[in-house]
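Observations on chain architecture
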Amino acid sequence: MGDQIVPIPMLGLEYIVVNGDLNNGGTDQASILAVQDGTVVNVLQNGNLVSTQTLNKGQFFQYQFANSPIYIKSNKPISVLHLTGTGCELGSAVVPQIGCTGSTTVGLTRPAGTDYFKIFVLAHT
């Protein structure tokens, strides 16, 4: 698993991570990396604070979750890597910050065949 490296100026303070579809009660994981000393990271699930960590530059912590998305907020920029999957297939991706403007359109081609196919789209309304 792996993804592109995001430049530090593109990192943010707020992230939402939506759990995937792992079998057998599998749990997703968010790996949160600090790029500055004294970074305070709060993780909320279902509106409840479930973890608070203070990290220094280069330190990270991993938060495991299942069944509902998590909201991550920090006082300084952080990078978030989401480890998830579908069934027994694992995958990962760097999570864009909530403030990322990104593209206004997304193209998608469904693979041929009858294999299970699922996509999550998180959009501001």
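Worth saying up front: this structure is predicted, and the values here are computed from it rather than measured.

Quick notes on the overall build of the chain
Across its full length, the chain holds zero helices and eight strands. Going residue by residue from the N terminus, the α and β elements of the chain occur as β-β-β-β-β-β-β-β. Taking the principal axes of its C-alpha atoms as reference, the chain extends roughly 50 × 35 × 30 Å. Out of the 125 residues belonging to the chain, those deemed buried represent 29%. Relative to all contacts within the chain whose residues are 6 or more apart in sequence, the contacts with residues 24 or more apart total 68%. On the chain, roughly 8,300 Å² of surface is accessible, and the fraction owed to carbon and sulfur atoms is 54%. Placing the 5 positive and 7 negative side-chain charges of the chain at their respective mean positions leaves the two points 9 Å apart.

Topic: the pairing of strand β3 (residues 28-34)
Of all seven residues that make up β3, six are buried, and the element is covered over most of its length. Where β3 meets strand β6 (residues 60-65), six bridges bridge the pair, whose relative direction is antiparallel. Across the sheet, S31 pairs through a bridge with Q62, a residue of β6. The pairing of β3 with strand β7 (residues 70-87) spans six bridges and is classified as antiparallel. From the neighbouring strand, A34 faces β7, where its bridge partner is I78.

Some remarks on a nonpolar patch on the surface
Taken together, the side chains of L108, F117, I119 and V121 make up a nonpolar region of the molecular surface, amounting to roughly 400 Å² of accessible area. By the secondary structure assignment, V121 is in the segment after β8 (89-94). Residue V121 is classed as exposed on the basis of its relative accessible area, which comes to 69%.

Let's talk about the nonpolar core
Within the largest apolar cluster, 18 residues are counted, with the highest numbers of intra-cluster contacts made by I32, V41, V43, I70, I72 and V80. For this core, the elements supplying multiple residues, two or more each, are β1 (12-17), β3, β4 (39-45), β6 and β7. When residues in this core are grouped by element, the largest group, four residues, is from β7. The residues contacting I32, other than those within four sequence positions of it, are V41, V43, L55, Q59, F60, F61, I72, I78, S79 and V80.

A word on the packing of aromatic side chains
Tallied over the full model, the rule gives one aromatic pair. Taking the centre distance of 6.5 Å and the plane angle of 15° together, the rings of Y63 and F65 count as stacked. Across the pair, F65 and Y63 agree in class, each one buried.

About the criteria used
- Residues numbered from 1 in each chain as written.
- Predicted model: local features only at pLDDT ≥ 70, side-chain atom pairs only at ≥ 80, totals over all residues.
- Heavy atoms only, no water.
- Helix = DSSP H or I, 4+ residues; strand = E, 2+ residues; numbered from the N terminus.
- Buried < 20%, exposed > 50% of the residue type's maximum accessible area, 1.4 Å probe, protein only.
- Contact = heavy atoms within 4.5 Å.
- Areas by Shrake-Rupley, 256 points an atom, 1.4 Å probe, with all protein chains shown as cover.
- Lys, Arg positive; Asp, Glu negative; His and termini not counted.
- Charge placed at Lys NZ, Arg CZ, Asp CG, Glu CD.
- Pairing = 2+ DSSP bridges.
- Patch = residues over 30% accessible without salt bridge, like charges linked within 9 Å, V, L, I, M, F, W, Y side chains within 5 Å.
- Salt bridge = Lys/Arg side-chain N within 4 Å of Asp/Glu carboxyl O.
- Core = buried A, V, L, I, M, F, W, Y, C linked by side-chain atoms within 4.5 Å.
- Phe/Tyr/Trp six-rings, centres within 6.5 Å; stacked < 30°, edge-to-face > 60°.

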